[in-house]
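Descriptive analysis of the structure
Here is what each chain is made of, one letter per residue.
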Amino acid sequence: MRFVAIGDSFTEGVGDELPDGRVRGWADIAAQGWANAAGHPIQYANFAIRGKLAWPIIQEQLEPALALNPTHLSFNGGGNDMLRPRTDMEHIADTFSRVLRRCDEQGVTLIMLSGANPASQLPLGSLIQRRGDELSAAVLRRVANRPDVIRALNWPDRELSSSAYWSEDRLHMNTAGHHRVAARVLHGLGFEPPAEWWAPQESALGGPSGMAYYRQHVGPWVKRRLTRTSSGDGRMAKYPTWAERVPQ
């Protein structure tokens, strides 16, 4: 099996930082879990870069990913778009149609994910909730008659929306959240994930609140919007070529 992932910070793994500073995330976890469950090596690549909007993901990552001749490709996008004004959810959902069409043309199985729902913890949470609901419905309409598309739908998961699964910035999942998403992906692939992946093994970390939260997390985001910069500027894909995962 050859599994390649494309996307933004959700798929890059932001929030699931390792002791050496590298990010891991659900795609890394799922690739290793896939090798373990299948009992044979899995080739794995990951082109995701934080801060990317949905259409730039398609323009910059899709064709290089398909050029690796994968058997499976995962895609999620739109989380960053939902935070921008005047976002057209149907236009964002069209990216999923584009990915599905190209996967069909290349004979690749699509693993389609929806992002986890942070709305209850964020400023303007009601707007994010509404946009996320609209995007989810628009995407599902586009794959309604495609049972061959593997679905890992995290937006409706109310348990995953609780604070125990989120990092201090309230926008990215923590280690527990990424494991729960990886469990859902493995389940979609027909494997039984380790039971502990479904629930956190320790309490969520405390984070700043009130104005301290706005200074530490909201302020830098606003500054990037005003300066038209991205948290992903200058970053490269962490696994742009195959990295083998062997059973452990």
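Heads up: the structure comes first, above all this text.
Residues numbered from 1 in each chain as written. Predicted model: local features only at pLDDT ≥ 70, side-chain atom pairs only at ≥ 80, totals over all residues. Heavy atoms only, no water.

Turning our eyes to something else, we now look at the pattern of salt bridges. Following the criterion strictly, the structure yields 17 salt bridges and no others. Of the charged contacts, one joins Glu-90 and Arg-141 as a salt bridge, the two residues approaching to 2.4 Å between their closest N and O atoms. On the criterion of sequence distance, the pair formed by Glu-90 in helix 4 (residues 89-106) and Arg-141 in helix 5 (residues 125-142) is long-range, its members being 51 residues apart. On the basis of relative accessibility, which here comes to 35%, the residue Glu-90 falls in the partly exposed class. With a shortest N-O distance of 2.8 Å, Asp-94 and Arg-142 are connected by a salt bridge. Of this pair, Asp-94 sits in helix 4 while Arg-142 is found in helix 5, placing the two residues 48 residues apart along the sequence. A relative accessible area of 23% places Arg-142 in the partly exposed class. Where salt bridges share partners, they join Glu-63, Arg-101, Arg-102 and Glu-105 into one cluster. (Salt bridge = Lys/Arg side-chain N within 4 Å of Asp/Glu carboxyl O. Helix = DSSP H or I, 4+ residues; strand = E, 2+ residues; numbered from the N terminus. Buried < 20%, exposed > 50% of the residue type's maximum accessible area, 1.4 Å probe, protein only.)

Moving on: unusual backbone geometry. With a phi angle near 55°, Asn-69 is a residue other than glycine that sits in the positive phi range. Along the chain, the position of Asn-69 falls in the loop between helix 3 (54-66) and strand 3 (72-75). What makes Asn-69 partly exposed here is its relative accessible area of 48%. The backbone of Arg-86 sits at a positive phi, close to 55°, despite the residue not being glycine. By secondary structure assignment, the location of Arg-86 is in the loop between strand 3 and helix 4. Given the relative accessible area of 79%, Arg-86 is considered exposed.

Purely spatial values, then, with no claim about function.
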